[in-house]
Amino acid sequence: MLRHWLTVVACLAAVSATAQVPGLPPGIVPGRSPPKATPAAEAPATQQAAQAAASAADAPEAARARIQRQLADARAVRDAIAPAPPGIGPAEIARQRDALDIIVYGTEGQLRALAQLEKSRVRLGAVRDAGRNWKGFTEPPPYSIRKLDALRDAGDAVRVRLAGQHAALGHLKPETQRLQDEVQRAEEAQRRADEAVEQAGAEGREAARWRRELAATELKAAIVRASLARMAGDLQALDIDASQAELDLVERQLAAVRDHVQFTADDLKAAQQDLAAKAAELLRQQAAVRKEIEERLRRRSDDLRTRERLSAMAAPPAAELAAVGAKIDRTDLWLEVLRTEDEYRGSFASLAGEAAKYWTDRYAIATSADVLVRRDAVEKLKNAAVAVDRWRRYAETSLHQARARLMEAETKLASAGTGDSAREDADDRAAALRRLVMANDQQREFLAEAGRQLDRWVNDAGAAASSRDWRERLADGWVTLRESLRAVWNFELFAVEDTAVIDGQTVVTSRGVTIGKSIGALLLFVLGYGLVAAIARAVAGRLIAKGHDPARVRTVKRWALAISALALALLTLNVARIPFTVFAFLGGALAIGVGFGMQTIIKNLISGMIVLAERRIQIGDIVDVDGINGTVTTVDLRSTTVRSFEGLETMVPNSMLLENKVTNWTLSDRKVRRTVKVGVAYGTPMRDAAELLEACARRHGNVLGDPAPYVIFEDFADSAQLLVLHFWVELGPKVSGTQVASDLRFMIEKQFAEAGISIAYPQRDLHLYTARPLQVEVVEPPAPG
């Protein structure tokens, strides 16, 4: 554990071979008070600590020589430890050994850090000189797009390194402070040990002195650790300065290139050639992996045959069978790893091939004058970036799983014994899983780099679009609006399946119903219906002008428009390629509800079509429907209008004309027979009265002569002799049977008056029986209550 901690601190001191440090820090443990004077026995430890603190102020060669002497002294002290006096326990002896090891390992770390500081100082000076001396590129602009990419990659690498250095420095600062606190606690322990020596008696003085030497050794160890951590922190701080100087130079170079970059066809060709070479290399690696897979498969086949041979023995050797089985299991694990690696190599090669297409899209973005081409290329890059990012997240998950499996295998390896088959098995499994981790890590890095490039290209496209002048922006805006409207126009509301039978085979095709199809179908229907309506109005006007019945013409027009609307709806759906099954989306329950709601309307519509087809009831007919008498004026889609003789118009549902009893007075012809009854007094010459009635009927202009009117002597009634005049009239818009009957009554009354014929009225005869007198009684009124 001690060696591991010192190794970590030493690595932090030597991190980043490209980082530069101009020199050693002036102080290793700043703020610490000078060590207290000690007796001669304690002088070597405290003197070495002071020398370690002061070595940083010397020249590199002198500091190296001093640290090397200190290292030699520390090793000599560690190798020549004197036996502990009585009264010293094993724990204290172990503490002494640990402190001496810390001094040795820490001093070695200081030597390595010092060497790194010398290299870093030279490197830092070179970077700063390069930044001061750079005045521009030797070649004149314009610069290649690949040069811009190279500078960007360099800048990204420096930024990643700079972020790591800041993270390391952030970790070292609290660690340095903690070690400084340990130095202070060690100084306090040193002072307590000095006091303990002064207060010890003769018997315990030897043990007290030994403990004082232990405290001095632990103090030196704490100083060495704090010094090493401080050197690492200072080195990281100067590494940050060096990286920042390098980044500033790259940014200056980028600024010089960015405004004068040119993307040529040669750049595109060179980039695609590089990608092709990279894909070829990946395929070569894949071929090598496949050869290894074949070799593993061959070995596995041999092991399987060996296991079969051993199993076929009379007394199968259990140990050998177990060893062969474990070997087969290891081979299966290796095959899993190699197949995964083979899959990754193939995927990388495919992605490299796709990257060549993405370079073509990038070239189109940079050079094409067509807005749609640029926009389509940007969309492809965005989609590719999303896909690669999704793949990268999956790769990270696979890497975590592989690391978990490797951790489990290394745990088993650590617990396995040495020199046995179990350790060999665990070691081989760990090696296979290390390769799996490496393959997954390579996949993640490959995808991260691809995603970073795609994101950069998408951002470049956005920046290029922002830098265009107002004319190009206006053109881009118009294209954006047009494409947005097109996207809305082509937005699919839902999809339906259409079934067709072709050559005896049922073919099911799926068709989408878009907003554009819906709007187009609606416009087509409205325009078609408007045209049909205009034609219908023109034809109806001509027919009315020629003397046709306006009501009949209007009814025909309505039915023609209804049929035309139905035909237009079917035609529109066919032209817009919207299948009739689109209406199935209504669903079962909704369709049933609509069906019940439309039942009466559809029934009346079909009834109206039947009425028109049968021609049993037409416009102008005089009908009696459910107690409604009048003339039919219109036969519409849902109802028929009947105008009564009183001028009232009643809409009768068409279904009633088929379901109820209907009297049509003018079905076959318009002639109807009417009657007028007249009662004359007894004693009247009936023949003369009958002739007068017939004469009145013949004189009326609306009474038909064929059939001729006639009179029937119907009855001897109580008060009169009853005559009935029968006559025929032809009903029409201006001829009413009731009006004709009224006219005839007026004429009959006048003729009978002139001829002296009395029209009888009710009479009663009263007969009195006088055989005996009538009984008369006087009745008293009732008393008031």
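Residues numbered from 1 in each chain as written. Predicted model: local features only at pLDDT ≥ 70, side-chain atom pairs only at ≥ 80, totals over all residues. Heavy atoms only, no water.

Before going further, it helps to spend a moment on the confidence of the model for the chain. Taken as a whole, the chain shows an average pLDDT of 81; of its residues, 85% reach a score of 70 or greater. Within the chain, the lowest mean pLDDT, 42, falls on helix 1 (residues 2-13), and the highest, 92, falls on helix 7 (residues 265-311). Residue range residues 1-57 is modelled with pLDDT below 50. Its contacts to residues more than four positions away, or to other chains, number 113 contacts. (pLDDT = per-residue confidence, 0-100. Helix = DSSP H or I, 4+ residues; strand = E, 2+ residues; numbered from the N terminus. Contact = heavy atoms within 4.5 Å.)

A few words now on the pairing of strand 5 (residues 622-625). Two elements, strand 5 and strand 6 (residues 628-635), share 4 bridges in a ladder whose sense is antiparallel. Bridge assignment links Asp624 to a residue of strand 6, and that residue is Asn629. Between strand 5 and strand 6, which follow one another and run antiparallel, lie 2 residues, and Asp626 among them has a positive phi close to 50 degrees. (Pairing = 2+ DSSP bridges.)

Time to look at the sheet that holds strand 12 (residues 721-730). Across a sheet, strands are paired by hydrogen bonds formed along the backbone, either parallel or antiparallel in direction. One open sheet accounts for 3 strands, arranged 10-12-11; its pairing is antiparallel. Across the chains shown, the open sheet's two edge strands, defined by having one partner strand only, are strand 10 (671-680) and strand 11 (710-716). When the angles between neighbouring strand axes are averaged without regard to direction, this sheet yields 25 degrees. Sheet topology note: the strand 10/strand 12 ladder contains 10 bridges and is antiparallel. When the bridges of strand 12 are listed, Gly679 appears paired with Leu722. (Axes fitted to C-alpha atoms, helices over the stretch in contact; angles between N-to-C directions.)

Our next topic: the packing of aromatic side chains. This structure, assessed with the given rule, holds 10 aromatic pairs. Geometrically, the ring pair formed by Trp134 and Phe137 is edge-to-face, given 5.2 Å between the ring centres and 75 degrees between the ring planes. Note on Trp134: relative accessible area 16%, which makes it buried. With centroids separated by 5.2 Å and ring planes inclined at 85 degrees, the aromatic side chains of Phe263 and Tyr363 adopt a geometry described as edge-to-face. Remark: Tyr363 occurs in helix 8 (residues 318-367) and Phe263 occurs in the loop between strand 2 (261-262) and helix 7; sequence separation between them is 100 residues. (Phe/Tyr/Trp six-rings, centres within 6.5 Å; stacked < 30°, edge-to-face > 60°. Buried < 20%, exposed > 50% of the residue type's maximum accessible area, 1.4 Å probe, protein only.)

In this section: the sheet that holds strand 6. Read across the open sheet, the 5 strands follow the order 8-7-6-5-9; overall the sheet is antiparallel. The sheet is open, and its two borders are formed by strand 8 (649-653) and strand 9 (662-664), each paired with just one other strand. Averaged over neighbouring strand pairs, the angle between their axes works out to 40 degrees when direction is ignored. Bridge count for strand 5 against strand 9 is 3 bridges, and the pairing is antiparallel. Within strand 9, the position partnered with Val625 by the bridge is Val662.

Next up on the list: the nonpolar core. Ranked by size, the top nonpolar core spans 37 residues in total, and within it Leu351, Tyr358, Trp359, Ile365, Leu381, Leu454 and Trp457 carry the most contacts. Of all the secondary-structure elements, those providing two or more residues to this core are helix 5 (145-199), helix 6 (205-258), helix 7, helix 8, helix 9 (371-415) and helix 10 (421-466). The element contributing the most residues to this core is helix 8, with 10 residues. Excluding residues within four positions of it along the chain, Tyr358 makes contact with Leu381, Ala384, Leu454 and Trp457. The next biggest cluster of nonpolar side chains, apart from the first, holds 24 residues, and it includes Val672, Val678, Leu725 and Leu731. (Core = buried A, V, L, I, M, F, W, Y, C linked by side-chain atoms within 4.5 Å.)

Turning next to helix 12 (residues 515-545). An α-helical turn contains 3.6 residues, so a residue and the one three or four places further along point in the same direction. The end-to-end C-alpha distance of helix 12, which contains 31 residues, comes to 45 Å, matching closely the 45 Å that a straight helix rising 1.5 Å per residue would cover. Listed in full, the buried residues belonging to helix 12 are Gly516, Ala521, Gly528, Ala533, Ala536 and Ala540. Positive backbone phi, approximately 105 degrees, marks Gly547, located one or two places after helix 12. (Expected span 1.5 Å × (residues − 1).)

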